[in-house]
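# Topology and contacts: notes
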Amino acid sequence: MNNNGNEEIFRLQLIHQKEVLSFREALIYLDVSNSFLYKLTSKKEISFSKPNNGKLYFKKKDLDEWMQNNHSQSISDREKQVNNYLKGKSNGK
């Protein structure tokens, strides 16, 4: 593996360990373009901090929540949910 590959692995490990990410780190974490992330921040669709009107920072848990918005449940998960509901009804719950 070349040096650039090692640097990339190190950067990803560092991002994984941090709780607050810089704008560039958030781009890597979310795998989105600069313009897309700026659009999310300008529309206030994603939480961020901007200390002293400087650089943008993101809590990784906020990015995780944003990524999980509009979760689409699989058919098998939906069937399990329905079956569990029906079992509960038949048990007098």
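Look up: the structure comes first, before these words.
It should be emphasised that the depicted structure is a prediction, and the values quoted were computed from it without experimental measurement. (Residues numbered from 1 in each chain as written. Predicted model: local features only at pLDDT ≥ 70, side-chain atom pairs only at ≥ 80, totals over all residues. Heavy atoms only, no water.)

Turning to its location among the elements, Lys60 is positioned in helix α4 (residues 60-67). Asp64 provides the closest opposite charge to the buried, salt-bridge-free Lys60, at an N-O distance of 6.4 Å. If near-sequence neighbours (up to four positions away) are discounted, Lys60 is found in contact with Ile15, His16, Gln17, Lys18, Glu19, Leu21 and Tyr29. (Helix = DSSP H or I, 4+ residues; strand = E, 2+ residues; numbered from the N terminus. Buried < 20%, exposed > 50% of the residue type's maximum accessible area, 1.4 Å probe, protein only. Lys, Arg positive; Asp, Glu negative; His and termini not counted. Salt bridge = Lys/Arg side-chain N within 4 Å of Asp/Glu carboxyl O. Contact = heavy atoms within 4.5 Å.)

Further remarks concern unusual backbone geometry. Not every positive phi belongs to a glycine, and Asp31 is a case in point at roughly 60 degrees. Inspection of the secondary structure assignment puts Asp31 in the loop between α2 (23-30) and α3 (34-42). Under the relative-accessibility criterion, Asp31 is labelled exposed at 68%. One non-glycine residue, Lys44, adopts positive backbone phi at about 55 degrees. Within the fold, Lys44 resides in the loop between α3 and β2 (57-59).

For soluble globular proteins, nonpolar side chains are generally found buried alongside one another. Among the nonpolar cores identified, the biggest contains twelve residues, and these are Ile15, Leu21, Phe23, Ala26, Leu27, Leu30, Leu37, Leu40, Ile46, Leu56, Phe58 and Leu63. Of all the secondary-structure elements, those providing two or more residues to this core are α2 and α3. Sorting elements by how many residues they give to this core places α2 first, with four residues. If we ignore the near neighbours within four places in the chain, the residues touching Ile46 are Leu30, Leu37, Leu40, Thr41, Phe58, Leu63 and Trp66. (Core = buried A, V, L, I, M, F, W, Y, C linked by side-chain atoms within 4.5 Å.)

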